[in-house]
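Structure assessment
The residues making up each chain are set out below.
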Amino acid sequence: MLRRNSILIFLCLIALFFNIEGFASEKKKKKIEPLPAVPVPENNPMTQEKIELGKKLFFDRRLSGDGTTSCASCHDPEKAFTDASEISLSYPTTRNFRNAPTLMNSAYAKHLFWDGRAKTLEEQAEFPIMSPFEMNQNLDFVEEEIRIVPEYREAFKRIFGQDVNIKLIAKAIAAFERTLISKNAPIDRYLKGDKNALSSEAKRGLEIFTGKGKCIDCHYGYYLSDQEFHALMVPENPKYANEDKFIVTRRYVAKINKYPDYMNIKEDLGRYFKTKKQKDYKAFKTPTLREVAKTAPYMHNGIFKSLDEVIDFFNKGGGEGNKVLKPLNLTEEEKKVLKTFLVEALSGEDLKIKPPDIP
């Protein structure tokens, strides 16, 4: 019996050791890191010619059903690759129901869209093209629209060794999107040793970010996101509560995701629509905080117009009923320096993208 108890104690100690090690490792991970080299998938290597083709397709309105909308309509280079709207721009006569996240630094994202339904930029590129409330284009039809253009057809032959198809269109667009990277952000210079890259106020804000403000719990690493999904119980945007087109889109999304009571849906259930898992009920992806000063309004429904509102939301402990956040009790001065850090440290140089000539 004594020997048996000794073995059990020994096994418990081993388990405790590994738990402590795992906890320490997890804590160690939670730091801000400079941007590394852009990850590039083996099946879609980057070339300048492919990037230029993707850029043309990104700005080409042929990708929409009526020829009025391009990827750049909702991801405008002049607006940090958002459309600066509470709810993203939509196909004429329809209404989107979520905010357009920035494409800046999306090369580092493990999940795309607020609900994470795409895992690669190549996969992501197809969704808006065929979405009835975004670009409303038939994928077979758009292949023919691009194929009929001699310059495009020749480019696809040169670059891919194949004729035009939707998968190659998506690969070209994804290659261009992987070039949309924050350059020379003060936080990166600071992390690499330039202690003058941040003002004294921004440094105090960094201390709040990593300490009392608990921002680092979900916004860490080089992408400044845990790349997970959380139900913060962000309130619904009351502006759209009774708008017919908004309601139609929300019902449509619930319906195609086989939500049984889609006719009576009154909230955006986020990732739950896709997974049907209770932990994902009203959960949305943690967005990157890089370029956050340039990407207002905030949250999946654009309900917060300013960083001040976002900070107040977190300071109060999030939305009613959430189990993720607790009140932070930040002082006005602490909120002020935290905002300074977010604005000053996380914005890179403006990325100048000139719209190309479309064939």
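Note that the structure is predicted; figures quoted are calculated from it, not measured. (Residues numbered from 1 in each chain as written. Predicted model: local features only at pLDDT ≥ 70, side-chain atom pairs only at ≥ 80, totals over all residues. Heavy atoms only, no water.)

What about the overall build of the protein?
- Helix and strand counts for the protein stand at 13 helices and two strands.
- Relative to the compact-globule value of 21 Å for 359 residues, the protein shows a C-alpha radius of gyration of 23 Å, a close match.
- In terms of its C-alpha atoms, the protein occupies a principal-axis envelope of roughly 80 × 55 × 50 Å.
- Taking all contacts inside the protein whose residues are at least 6 apart in sequence as the whole, residues at least 24 apart take part in 66%.
- Here the protein displays about 18500 Å² of accessible surface, and carbon together with sulfur accounts for 55% of that area. (Helix = DSSP H or I, 4+ residues; strand = E, 2+ residues; numbered from the N terminus. Rg over C-alpha atoms; globule rule 2.2 N^0.38 Å. Contact = heavy atoms within 4.5 Å. Areas by Shrake-Rupley, 256 points an atom, 1.4 Å probe, with all protein chains shown as cover.)

Looking at the packing of helix α2 (residues 48-59) against helix α7 (residues 166-177)
- Closest axis-to-axis distance for the α2/α7 pair is 7 Å, and the angle between their directions is 100°. With respect to α7, the element α2 is oriented roughly perpendicular. When α2 is examined against α7, the residues Lys-50, Ile-51, Leu-53, Gly-54, Lys-55, Leu-57, Phe-58 and Phe-59 are found in contact with a partner set consisting of Ile-169, Lys-171, Ala-172, Ile-173, Ala-175, Phe-176 and Glu-177.
- When grouped by side-chain class, the residues that make up the contact of α2 with α7 number ten nonpolar, one polar and four charged. (Axes fitted to C-alpha atoms, helices over the stretch in contact; angles between N-to-C directions. Parallel < 35°, antiparallel > 145°, perpendicular 65-115°, else oblique. Nonpolar A, V, L, I, M, F, W, Y, C, P; charged D, E, K, R; others polar.)

A closer look at unusual backbone geometry
- Cis rather than trans, the peptide bond between Ala-296 and Pro-297 has omega equal to -5°.
- By secondary structure assignment, the location of Pro-297 is in the loop between β2 (284-285) and α12 (307-315).
- Its identity is not glycine, yet Phe-113 carries a phi of approximately 75°, on the positive side.
- One non-glycine residue, Lys-282, adopts positive backbone phi at about 60°.
- By the secondary structure assignment, Lys-282 is in the loop between α11 (272-275) and β2.

So, the pattern of salt bridges
- Under the definition given, this model contains 29 salt bridges.
- A salt bridge links Glu-144 to Arg-147, with the nearest nitrogen and oxygen atoms 2.4 Å apart. Separated by three residues within a single helix, Glu-144 and Arg-147 lie in helix α5 (residues 139-147), roughly one turn from each other.
- Classification of Glu-144 as partly exposed rests on a relative accessible area of 43%.
- For Arg-147, a relative accessible area of 18% translates into the label buried.
- Here Lys-335 and Asp-312 are joined by a salt bridge, their closest N and O atoms 2.9 Å apart. (Salt bridge = Lys/Arg side-chain N within 4 Å of Asp/Glu carboxyl O. Buried < 20%, exposed > 50% of the residue type's maximum accessible area, 1.4 Å probe, protein only.)

Observations regarding the confidence of the model for the protein
- Looking at the protein, pLDDT values average 93 and 92% of them are 70 or higher.
- Segment residues 20-27: pLDDT under 50, and one contact once partners within four positions in sequence are set aside and those in other chains are kept. (pLDDT = per-residue confidence, 0-100.)

Topic: helix α10 (residues 244-256)
- If you check α10, its first and last C-alpha atoms are 18 Å apart, about what 13 residues at 1.5 Å a residue would give, namely 18 Å.
- For α10, the full list of buried residues reads Phe-246, Ile-247, Thr-249, Arg-250, Val-253 and Ala-254. Relative to the axis of α10, the buried residues are bounded by an arc of 165° and lie together on one face. Across α10 from its buried face, at more than 90 degrees, point the exposed residues Asp-244 and Val-248.
- In the core, the buried residues of α10 are packed alongside α11.
- Two residues or fewer after α10 comes Lys-258, characterised by a positive phi angle close to 60°. (Expected span 1.5 Å × (residues − 1). Arc of directions from axis to C-beta.)

Remarks on a positive patch on the surface
- On the surface, Lys-119, Lys-258, Lys-274 and Lys-276 cluster together to form a positively charged patch.
- For Lys-119, the position within the fold is in the loop between α3 (71-74) and α4 (121-130). (Patch = residues over 30% accessible without salt bridge, like charges linked within 9 Å, V, L, I, M, F, W, Y side chains within 5 Å. Lys, Arg positive; Asp, Glu negative; His and termini not counted. Charge placed at Lys NZ, Arg CZ, Asp CG, Glu CD.)

What to know about the packing of aromatic side chains
- Within this structure, the stated rule accounts for 14 aromatic pairs.
- Aromatic pair Phe-113 and Phe-127: ring centres 5.4 Å apart, planes at 80°, arrangement edge-to-face. Of this pair, Phe-113 sits in the loop between α3 and α4 while Phe-127 is found in helix α4, placing the two residues 14 residues apart along the sequence.
- Since its relative accessible area comes to 14%, Phe-113 is described here as buried.
- One aromatic cluster is present, formed by Phe-58, Phe-59, Phe-81 and Phe-176 through successive ring pairs.
- In this structure, Arg-117 packs its charged tip against the face of Phe-127, placed 5.0 Å from the ring centre.
- Sitting over the face of the ring of Tyr-190, Lys-195 holds its NZ or CZ atom 4.4 Å from the ring centroid. (Phe/Tyr/Trp six-rings, centres within 6.5 Å; stacked < 30°, edge-to-face > 60°. Lys NZ or Arg CZ within 6 Å of the ring centre and 35° of its normal.)

Side note on the environment of Gly-161
- Mapped onto the elements, Gly-161 comes out in the loop between α6 (150-160) and α7.
- Sequence separation between Gly-161 and Ala-345 is 184 residues, and the spatial gap between their C-alpha atoms is 43 Å.

Observations regarding the state of the cysteines
- The final tally for this structure, using the stated rule, is zero disulfides.
- No disulfide involves Cys-71; its sulfur sits 9.0 Å from the nearest other cysteine sulfur, which is in Cys-74. (Disulfide = S-S within 2.5 Å.)

Remarks on the environment of Thr-288
- Its place among the elements puts Thr-288 in the loop between β2 and α12.
- Relative accessible area serves as the criterion here: at 11%, Thr-288 is assigned to the buried category.
- For the pair formed by Thr-288 and Thr-210, sequence separation is 78 residues and the distance between their alpha carbons is 15 Å.
- Sequence-distant contacts of Thr-288, defined by excluding residues within four places in its chain, comprise Tyr-223, Leu-224 and Ser-225.

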